[in-house]
Amino acid sequence: QVQLVESGGGLVQAGGSLRLSCAPSGRTFSRYAMGWFRQAPGKEREFVAAISWSGTYTRYADYVKGRFTISRDNAKSTVYLQMNSLKPEDTAVYYCALDRNPAQATGVIDDYDYWGQGTQVTVSS
């Protein structure tokens, strides 16, 4: 069983920054891609960013491009989402997800095999 644990969420003013972290534990795979998604109240879960195992490939949703950066430290088995210039519309529960295909950075929800419990990000205006 793979567990994904997110951390780093919180309350921040518009224009501020947060960094989310996600680390898998339990049964893990030697190589895997990772993604971040978010879900606001009353809305469907949506893609935010993804990164391949090597970090060669990254993908961003248009609404975060230029503000958010996904990265990973494989020595620490941790993936990060640096969020800058936050807006109230970024308020959501943020989820990290693991894709057993290490070579891609996909924005398709169904491509992900394991999910974390989520961490709340609230941006006040």
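See above for the structure.
What comes next is a walk through the structure. Remember, predicted model here, so these are calculated numbers, not experimental data. (Residues numbered from 1 in each chain as written. Predicted model: local features only at pLDDT ≥ 70, side-chain atom pairs only at ≥ 80, totals over all residues. Heavy atoms only, no water.)

### Side note on the packing of aromatic side chains
- What the rule picks out here adds up to six aromatic pairs.
- Aromatic pair phenylalanine 29 and tyrosine 114: ring centres 5.9 Å apart, planes at 35 degrees, arrangement tilted. Taken together, the positions of phenylalanine 29 in the loop between strand E3 (18-26) and strand E4 (33-39) and tyrosine 114 in strand E10 (residues 114-115) put the pair 85 residues apart, joining distant regions of the chain. No difference in accessibility class separates phenylalanine 29 from tyrosine 114, as the two residues are buried.
- Seen from their ring centres, phenylalanine 37 and phenylalanine 47 are 5.6 Å apart, and the 70 degrees between their planes marks the pair as edge-to-face. Pair noted here: phenylalanine 37 is in strand E4 and phenylalanine 47 is in strand E5 (residues 46-51), with a separation of ten residues, a long-range link.
- We classify phenylalanine 37 as buried; its relative accessible area is 0%.
- Connected via pairs of aromatic rings, a cluster forms that spans Phe37, Phe47, Tyr112 and Trp115.
- Positioned over the ring face of tyrosine 95 is arginine 45, at 3.7 Å from the centre of the ring. (Phe/Tyr/Trp six-rings, centres within 6.5 Å; stacked < 30°, edge-to-face > 60°. Helix = DSSP H or I, 4+ residues; strand = E, 2+ residues; numbered from the N terminus. Buried < 20%, exposed > 50% of the residue type's maximum accessible area, 1.4 Å probe, protein only. Lys NZ or Arg CZ within 6 Å of the ring centre and 35° of its normal.)

### With respect to the pattern of salt bridges
- Within this structure, the stated rule accounts for five salt bridges.
- Between glutamate 46 and arginine 38 there is a salt bridge, with the nearest N and O atoms lying 2.7 Å from each other.
- Taking relative accessible area as the criterion, arginine 38 reaches 6% and is therefore assigned buried.
- One salt bridge in this structure joins aspartate 90 and arginine 67, with 2.7 Å as the shortest N-O distance. You can see aspartate 90 sitting in the loop between strand E8 (78-83) and strand E9 (92-99) and its partner arginine 67 sitting in the loop between strand E6 (58-60) and strand E7 (68-73), a full 23 residues away along the chain. (Salt bridge = Lys/Arg side-chain N within 4 Å of Asp/Glu carboxyl O.)

### Considering the pairing of E3
- Strand direction decides the pairing type here: strand E1 (residues 2-7) and E3, joined by six bridges, are antiparallel. Directly across from glutamate 6, in E3, lies its bridge partner cysteine 22.
- Note: E3 against E8, five bridges, orientation antiparallel. Its bridge partner being in E8, leucine 20 is matched across the sheet by leucine 81. (Pairing = 2+ DSSP bridges.)

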